[in-house]
Amino acid sequence: QVQLVESGGGLVQPGGSLRLSCAASGSIFSIGAMGWYRQAPGKQRELVAQITVGDTTNYADFVSGRFTISRDNAKNTVYLQMNSLKPEDTAVYYCHALVRRRVWDHFQNYWGQGTQVTVSS
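Conventions used here
One numbering rule holds for all chains: residues counted from 1, following each sequence as written. Local features in this predicted model are restricted to residues of pLDDT 70 or higher, and side-chain atom pairs are both shown and tallied only at a pLDDT of 80 or more, whereas totals for entire chains, interfaces and linings draw on every residue. Calculated side-chain values reflect all of the structure's heavy atoms, with hydrogen atoms and water omitted. In plain terms, two cysteine sulfur atoms within 2.5 Å form what is called a disulfide here. To qualify as a helix, a DSSP run of H or I must reach at least 4 residues; to qualify as a strand, a run of E must reach at least 2; elements of each kind are numbered from the N terminus. Relative accessibility decides the category of a residue: with a 1.4 Å probe and only protein chains considered, values under 20% of the type maximum give buried, values over 50% give exposed, and everything between is partly exposed. Between any two strands, at least two bridges found by DSSP are needed for them to pair. Fitting a line to C-alpha atoms yields each axis, with helices limited to the stretch in contact; the angle taken between N-to-C directions then spans 0 to 180 degrees.

Undergrad: Please give an account of the state of the cysteines that cites residues and values.
TA: All told, the structure shown has one disulfide when counted by the stated rule. Each sulfur of the disulfide joining C22 and C95 lies 2.0 Å from the other. As the torsion about the S-S bond is roughly -85 degrees, the C22-C95 disulfide counts as left-handed. Taken together, the positions of C22 in strand β3 (residues 18-26) and C95 in strand β9 (residues 91-100) put the pair 73 residues apart, joining distant regions of the chain. Judged by relative accessible area, C95 falls into the buried class, the value being 0%.

Undergrad: I'd like a rundown of the sheet that holds strand β7 (residues 67-72), residues and numbers included.
TA: Strand order in the open sheet formed by four strands is β1-β3-β8-β7, and the pairing between neighbours is antiparallel. Either end of the sheet is taken by a strand with one partner, and the two such strands are β1 (2-7) and β7. Strand-to-strand twist across the sheet, computed as the mean angle between neighbouring axes with direction ignored, equals 15 degrees. Bridging between β1 and β3 involves six bridges; their strand directions are antiparallel. The residue of β3 that forms the bridge with V5 is A23.

And the structure:
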């Protein structure tokens, strides 16, 4: 079994910062990519940022320049540093990972439970 454990969410003022962390554990042979998605009420889940083992990064247009994604492959952990937060960033943020559990297995999608980020004055 693979488990993704998130931390770092909370309430911040506009312009403030948060750092989200997500650690993958369990039966893991390799991780192809990890990233963050978010979902606000009444909206579809959307990609925020993603990083591959080779350190290739992808950012949504609305977060580029404000957020930075990084990872520690040895610890199977991904981070999202969020600066200059805006009220429209308010959402549940979900950690995502593409995980290969066995050498003979295929990559599968795994999701964390989600952590609430609220930006409000």
